[in-house]
Amino acid sequence: EILVKARLPFQLVELLKRFSVQLPQNAPLEVHDTLEELQSSCGGCIANCLTFPHNWTDGLLHELQQILKLDPNNSAVARVMVATLRGEHREGGHQIKPQDLNFVLQLAATKGCQKEGIEMLGVLCSEPHPIEINKAVCEALIKTESKRASIVNEVLNALMDIYGEDENHPEVFESMKVLQYFQTKLPEFKRLIKCDKDDASPEDVEEWRETALNSSRFIRYKKGQL
């Protein structure tokens, strides 16, 4: 509350907007690296503000979308958007709007922010939503092609977030053959973990292995319902 009264979150958002500029292609690499560090630090501070009860985020998603439309590969801004959606989920949910969904679907297909875009889809669809939206999101997720463990990890987590509740569009789960997708994708995911683990942090590898374990449990649970 003290931070909000001091308008610190608003100042951080303004800083993030200022740091999120398109540099000339001939800009020195050191400048690109410094700008990315500033974006990441500023985004991390905003994400920390979102972990506390808040009433200052009106319009924040729109602001972040505008930045990402100009720079769709800005993962620092995308991470703040994920944190914003998760914060709204904790505070009572975010009603999916068509423009939000279309934007996030595009982001999930963009290489630079694909991981964050997929995570956003899982957050958005963990709230009650129409069957048309569920079908669109499910199709986008199971059609995601990637040979990176980090991306497959987010796809599996998003699908488990969406269909972990039995009443969340079971007809789509069945018609889109999500169970069969898991049965096919899990062995591939385990192979990707072995391939990517040497280039990833121990924390990431631990998360991937936890997702693989949860996916095995998810498969057993869903098979038990048939």
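Preceding this paragraph is the structure being described.
Okay, so let's go over this structure. (Residues numbered from 1 in each chain as written. Predicted model: local features only at pLDDT ≥ 70, side-chain atom pairs only at ≥ 80, totals over all residues. Heavy atoms only, no water.)

This part covers the overall build of the protein. For the protein, the helix and strand inventory stands at twelve helices and zero strands. Helices and strands appear in the protein in the N-to-C order α-α-α-α-α-α-α-α-α-α-α-α. Here the protein holds 226 residues, and the buried ones make up 45% of them. Restricting the contact set of the protein to residue pairs at least 6 apart, pairs at least 24 apart contribute 69%. As displayed, the protein has an accessible area near 12800 Å², and 52% of this comes from carbon and sulfur atoms. (Helix = DSSP H or I, 4+ residues; strand = E, 2+ residues; numbered from the N terminus. Buried < 20%, exposed > 50% of the residue type's maximum accessible area, 1.4 Å probe, protein only. Contact = heavy atoms within 4.5 Å. Areas by Shrake-Rupley, 256 points an atom, 1.4 Å probe, with all protein chains shown as cover.)

Following both chains from N to C, one finds helix α8 (residues 131-142) and helix α9 (residues 149-163) inclined at 155°, their axes separated by 10 Å at the closest point. Judged on the interaxial angle alone, α9 and α8 are roughly antiparallel. Crossing angle aside, the handedness with which α8 passes α9 is left-handed. For the pair α8 and α9, the contacting residues are N134, V137, C138, L141 and I142 in the first and V155, A158, L159, I162 and Y163 in the second. Residues of the contact of α8 with α9, tallied by class, amount to nine nonpolar, one polar and no charged. (Axes fitted to C-alpha atoms, helices over the stretch in contact; angles between N-to-C directions. Parallel < 35°, antiparallel > 145°, perpendicular 65-115°, else oblique. Left-handed = near helix turned anticlockwise from the far one by under 90°. Nonpolar A, V, L, I, M, F, W, Y, C, P; charged D, E, K, R; others polar.)

Counting 63 residues, the largest nonpolar core has L141, L159, Y163, F182 and F189 as the members making the most contacts within it. Top element by residues in this core is α9. It accounts for ten residues. Setting aside chain neighbours within four positions, we find L159 in contact with L141, I142, G164, V178, Y181 and F182. (Core = buried A, V, L, I, M, F, W, Y, C linked by side-chain atoms within 4.5 Å.)

Count 3.6 residues to each turn of an α-helix, and residues three or four apart come out pointing the same way. Between its first and last C-alpha atoms helix α11 (residues 178-196) spans 25 Å; for 19 residues at 1.5 Å apiece the expected length is 27 Å, and the two agree. Roughly 30° is the biggest bend found in α11, and it falls at K185, with proline P187 one to four residues downstream. The inward-facing, buried residues of α11 abut α8, α9, α10 (170-175) and α12 (202-225). (Expected span 1.5 Å × (residues − 1). Bend = angle between axes of the 7 residues up to and from the residue.)

Orientation of α9 relative to α12, taken along the N-to-C sense of each, is 40°, at an axis distance of 10 Å. With respect to their mutual orientation, α9 and α12 come out oblique. Considering how the two elements wind past one another, α9 and α12 form a crossing that is left-handed. In contact with A149, S150, N153, E154, L156, N157, M160 and Y163 of α9, α12 contributes E207, W208, T211, N214, S215, F218 and K222. Within the contact of α9 with α12, the residues separate by chemical class into six nonpolar, six polar and three charged.

Moving on, we come to a negative patch on the surface. Where like charges cluster on the molecular surface, the negative patch consists of E203, D204, E206, E207 and E210. Following the sequence through the fold, E207 ends up in helix α12. (Patch = residues over 30% accessible without salt bridge, like charges linked within 9 Å, V, L, I, M, F, W, Y side chains within 5 Å. Salt bridge = Lys/Arg side-chain N within 4 Å of Asp/Glu carboxyl O. Lys, Arg positive; Asp, Glu negative; His and termini not counted. Charge placed at Lys NZ, Arg CZ, Asp CG, Glu CD.)

What is expected of a backbone is that most residues other than glycine have negative phi and most peptide bonds are trans. Backbone geometry places H169, a non-glycine residue, at a positive phi of 50°. Mapped onto the elements of the fold, H169 is located in the loop between α9 and α10. The phi angle at K177 is positive, at roughly 55°, despite the residue not being glycine. Looking at the secondary structure, you find K177 in the loop between α10 and α11. Looking at K177, the relative accessible area reads 48%, which means it is partly exposed.

Okay, the pattern of salt bridges next. If you walk through the whole model with that rule in mind, you get eight salt bridges. Its salt-bridge partner being E188, residue K147 comes within 3.8 Å of it at the nearest N-O pair. Here K147 is found in the loop between α8 and α9, whereas its partner E188 is found in helix α11, with 41 residues between them in sequence. Between K222 and D166 there is a salt bridge, and its shortest N-O distance comes to 3.5 Å. Of this pair, K222 sits in helix α12 while D166 sits in the loop between α9 and α10, placing them 56 residues apart in sequence. Several salt bridges converge on common partners, so that one network encompasses E14, K17 and E63.

What follows concerns the side chain of H129. If you trace the backbone, H129 turns up in the loop between α7 (114-124) and α8. Take H129: its relative accessible area is 10%, and that puts it in the buried class. Polar contacts involving the side chain of H129 include one to the side chain of N134, which spans 2.9 Å. (Polar contact = N/O pair within 3.5 Å; in protein donor to acceptor, adjacent residues only side chain to side chain.)

Function cannot be read off these values alone, since they describe shape.
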